[in-house]
Amino acid sequence: MKLSLERKITLGFSGALLLLAFVFMSAAWCVGQFKQTTLAINHSRDVLSRLQEVHIHVLDMQSAVRGFTITGNEAMVTRFAAGSTELDATIDTLRELIGDNPRQQQRLPQLAQHLQRAREIMQTRIAERRNRGAAVLADPPPSFEGQRSVEAVRELIRTMVANEHTLLDDRLARSRAIGGFSMMLIASASVVAIGLGTIAVRRVTREIRYRRLTEARLKVCLAHIEDLYNHAPCGYHSLDPAGLFGEINDTMLGWLGYTREEMVGRMTFSDILAPESAAAFPARYARFKETGSTTNSEYTWLRKDGSRLIVLLNKTAVYDSNGVYVASRSTVFDISQLKRAEEERDRFFTLSRDLLCIATVEGRFKRVNPAWETALGYTPEQLHGQPFAELIHPDDRERTGEEVERLARGEESIDFENRYRHADGTYRWLRWNARSTPDEKLIYASARDVTEARASDDRIHRLNTDLGQRARQLEAANQELESFSYSVSHDLRAPLRHVDGFASLLSKRIGPEADKEAQRYVTTISRAAKQMGTLIDDLLAFSRVGRTPLRLEPIDHNALVADVLENGHYRSGERQIVWEIGALPPVRADRALLRQVWVNLIENAVKYSGKSPAPRIAIGGGPNPEDASEAIFFVRDNGVGFDMAYADKLFGVFQRLHGPTEFEGTGIGLANVRRIVARHNGRTWAEGRVDEGAVFYFSIPVTLPPPHA
């Protein structure tokens, strides 16, 4: 039967519609199946991720417990508690995820049971470490039930992971089948295929992105685990039944100086042991393979360069299903520095000249150093366990008991002194510094014998008392001197003025008609009175120099000397003196006193060069070439000079090398110069030759310290 065109179109359109409907329905079914499969795949991956997290948490908790057992660091307990909490949360999440998998549900209670048992054993280990402290490290190897629980956890996780991988493979295969069917439908209907293809591409792209993200996370996790293994602050390694290294981390390789290729499968544990450790290792290793663990074993290793390394080793054994030893898992800590520190501490304790001791708060010596025998005559063996109160002077026991009570409360004792009995029966004063550790109920103390120092202090106190008395006597003498100076200044001047005045009146009364001898007598009386007045003035000035406080200021010597020459009219006198004045360095000094020095020295040079036919005076100064801390100044003349045999008399009071009839003067000027310069911490000296002139020197420190009162 021939179909009409309209019929064909209708049938074709209907078939197309049916085909389109079929394709649409098939595509919808495929999409639904693909979605379910994708969700199942993601579900399996979530389960795998949670299983991996369980494994990581268990390892982290186990590592924290080992770290706390060895170091006692409470941060490890915190880390254990955090890992335990995270483990519970992960188990709860895992329980929800495997709700659709009866096999996995059957394994989960077993996993939880093993985890709980392992956790209880770890908590017991933490409690033992807290209760007993570091002493737990010296215990015999504990039971390995906890380790077997951890191994059972690992085995269950591997089984569950294998089951999930099987499910994942099935779901992936189903996903691929559905994808192929979808592509075939897309090829038969372009519009539907394009739509379904777009959907598929989007879904596949999203799935690939998710897979890559998951793989990246797994890689990061694995890299973290590998980094933790290789760069841990402790060494890790494993040994096969023959003792060959099977695995080793980078930390341990760095300690030993070998490469992984040099050690793994090539070297045995005995190859890196020092002779004293190598002798004991075979028996220890055989015993370890039987017992399954070793705790806190100390070994001395030899590095590649021959140097030594002292380590503390803990290890557990791995057995196969038949109980045959397969390998070891070992954790190693470098305790070389700790050992050296202990040796240095013991050496310091032994060699210290101070009296060192450790005592209980109950008052008994626990340990003393050899210095006790040197200071008090008791050997450390005699003092060990003895009550120290028996050695303390009876008068000091109550004070000492109060000090010990303060120490027991955690306070510190500084410079506490008491008396201890020497082996010969005498008592020695000891000065103590001590601190306590209330948790350990121990006192750590050091002492020095201050018996001689206290005796010296007593002598110094007596001397200070004597000096105080002498100072008061000196003060009284100074007051008497002040009174005497006042008397000299006032009581002696009046008679001298009377003598001089009446001599002048007598000269006028006798007039010029008197004989020359009488005139000479009167003139001599007047001159002597004036000379006596000048001498009194000079003596008073000399006494005031020692009592006047210094007023230090920067001094321009060139300006000061120019002012002295100008006011003294030395340059405009009848005699034509040749002056040679050099550049003078500045100093810090008392201007008024230093001016008096220059006046006395310049007047001295002018006076003693008065008989020279061509007087010449030079003034100069500069840094001392032998001592940069002082400057030296001088005044040189070409006058009568002096004999160097009498140079030590020049600066004394009333010391004159020439008679008053030859040169006027009182003999006070140079004494004043020396006293002023000495108050500035300087020096004075002179050089000269008879009839060839003289040079007078003085020095002033460049930096003058504050004067003493």
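Asks: Describe in detail the pairing of strand β1 (residues 235-239), supporting the description with residues and values.
Replies: Here β1 lies mainly inside the structure; 4 of its 5 residues are buried. Across 3 bridges, β1 lies against strand β5 (residues 325-334) in antiparallel orientation. What sits directly across from Gly 235, in β5, is Val 332. In this structure, the hairpin formed by β1 and strand β2 (residues 245-248) is closed by a connection of 5 residues, where Gly 243 is found at a positive phi of approximately 90°.

Asks: Would you mind going over the sheet that holds strand β8 (residues 413-421) in detail, with residue names and values included?
Replies: Reading across the sheet, the 5 strands line up as β7-β6-β10-β9-β8 and stay open at both edges, with antiparallel pairing between neighbours. Of all strands in the sheet, those bounded by a partner on one side alone are β7 (365-368) and β8. Adjacent strand axes in the sheet meet at a mean angle of 30° when their direction is disregarded. Alignment of strand β6 (residues 355-360) against strand β10 (residues 442-449), held across 6 bridges, turns out to be antiparallel. For Thr 360, the partnering residue across the bridge sits in β10 and is Leu 442. Along the sheet face, helix α13 (residues 397-408) touches β8, β9 (427-437) and β10 and points at about 140° away from the line of β8.

Asks: Could you give an account of the nonpolar core, naming the residues involved and the relevant values?
Replies: Counting 38 residues, the largest nonpolar core has Trp 579, Leu 594, Trp 598, Ile 602, Phe 696 and Phe 698 as its most contacted members. Setting aside residues up to four positions removed in sequence, Ile 602 forms contacts with Val 564, Leu 565, Tyr 570, Trp 579 and Ile 619. Core analysis: the second largest hydrophobic core is formed by 26 residues, Leu 51, Leu 94, Met 122 and Val 150 among them.

Asks: Lay out the pairing of β6 with the relevant residues and their values.
Replies: By the criterion of burial, β6 is predominantly enclosed, with 6 of the 6 residues buried. Residue alternation in β6 divides its side chains into two sets, Leu 355, Cys 357 and Ala 359 and Leu 356, Ile 358 and Thr 360, and both sets are buried. The hairpin formed by β6 and β7 contains 4 residues between the paired strands, and Gly 363 there has a positive phi angle of roughly 105°.

Asks: Describe the environment of Ala 605, with residues and values.
Replies: Looking at where Ala 605 falls in the secondary structure, it is placed in helix α18 (residues 591-608). Residues Ala 605 and Pro 615, spaced 10 residues apart in sequence, show a C-alpha to C-alpha distance of 9.5 Å.

Asks: Report on the sheet that holds β1, specifying residues and quantitative values.
Replies: The strand order β2-β1-β5-β4-β3 describes an open sheet built from 5 strands, whose pairing is antiparallel. Edge positions in the sheet fall to β2 and β3 (293-302), since each has one partner strand and no second. If you compare each strand with its neighbour and ignore which way they point, the axes differ by 30° on average. Sheet topology places strand β4 (residues 308-319) next to β5; 9 bridges connect them, and they run antiparallel. Considered in β5, the bridge of Tyr 319 is made with Tyr 325. In the packing of helix α9 (residues 281-291) onto the sheet, contacts are made with β1, β3, β4 and β5, and the angle to β4 comes to roughly 30°.

Asks: Tell me what's going on with the pattern of salt bridges, and back it up with residues and numbers.
Replies: In total, this model carries 27 salt bridges according to the counting rule given. Across the pair Arg 117 and Glu 120 runs a salt bridge, and its minimum N-O distance is 3.5 Å. Here the residue Arg 117 and the residue Glu 120 both occupy positions in helix α3 (residues 102-132), the gap between them amounting to 3 residues, near one helical turn. Residue classification places Arg 117 among the partly exposed residues on the basis of a relative accessible area of 31%. Residue classification places Glu 120 among the partly exposed residues on the basis of a relative accessible area of 33%. Across the pair Arg 616 and Glu 580 runs a salt bridge, and its minimum N-O distance is 2.7 Å. In this pair, Arg 616 sits in strand β14 (residues 616-624) while Glu 580 sits in strand β12 (residues 578-581), placing the two residues 36 residues apart along the sequence. Of the residues examined, Arg 616 reaches a relative accessible area of 40% and is grouped as partly exposed. Exposure remark for Glu 580: the relative accessible area of 36% places this residue in the partly exposed category. Residues joined by salt bridges that share partners form a network here, namely Glu 403, Arg 406, Arg 409 and Glu 411.

Asks: Explain the confidence of the model for the protein to me, using residue names and the numbers behind them.
Replies: On average, residues of the protein score 79 in pLDDT, and 77% of them reach the 70 mark or higher. Taken as a whole, residues 653-663 scores under 50 in pLDDT and shows 30 contacts with residues more than four places along the chain or in a different chain. Ignoring residues within four places in sequence, the model shows residues 705-709, a span with pLDDT below 50, making 4 contacts including any to other chains.

Asks: Tell me what's going on with the layout of surface pockets, and back it up with residues and numbers.
Replies: Each pocket or cavity is described by its volume, and for the largest pocket that value is around 1,700 Å³. Lining of the largest pocket is provided by 50 residues; of these, His 55, Leu 59, Arg 154, Ile 225 and Leu 228 occupy positions nearest its centre. If you list the elements that add at least two residues to the lining of the largest pocket, you get α1 (5-71), α2 (74-97), α4 (145-188), α5 (190-230), β1 and β5. In terms of residue count, α1 provides more of the lining of the largest pocket than any other element does, 15 residues in total.

Asks: Which residues make up the packing of helix α17 (residues 557-568) against α18, and what are the values?
Replies: For the pair α17 and α18, interaxial distance at closest approach is 10 Å and the crossing angle is 55°. When the axis of α17 is compared with that of α18, the two are oblique. As α17 packs across α18, the resulting crossing turns out to be right-handed. Residues His 557, Leu 560, Val 561, Asp 563, Val 564, Leu 565 and Asn 567 of α17 pack against Arg 591, Leu 594, Arg 595, Trp 598, Val 599 and Ile 602 of α18.

Conventions we followed
Residues numbered from 1 in each chain as written. Predicted model: local features only at pLDDT ≥ 70, side-chain atom pairs only at ≥ 80, totals over all residues. Heavy atoms only, no water. Buried < 20%, exposed > 50% of the residue type's maximum accessible area, 1.4 Å probe, protein only. Helix = DSSP H or I, 4+ residues; strand = E, 2+ residues; numbered from the N terminus. Pairing = 2+ DSSP bridges. Axes fitted to C-alpha atoms, helices over the stretch in contact; angles between N-to-C directions. Contact = heavy atoms within 4.5 Å. Core = buried A, V, L, I, M, F, W, Y, C linked by side-chain atoms within 4.5 Å. Salt bridge = Lys/Arg side-chain N within 4 Å of Asp/Glu carboxyl O. pLDDT = per-residue confidence, 0-100. 1 Å grid on protein atoms, 1.4 Å probe; cavity = no way out; pocket = protein on both sides within 12 Å on 5 of 7 lines; lining within 4 Å. Points joined across faces, edges and corners; volume = space filled by probe spheres on them. Parallel < 35°, antiparallel > 145°, perpendicular 65-115°, else oblique. Left-handed = near helix turned anticlockwise from the far one by under 90°.

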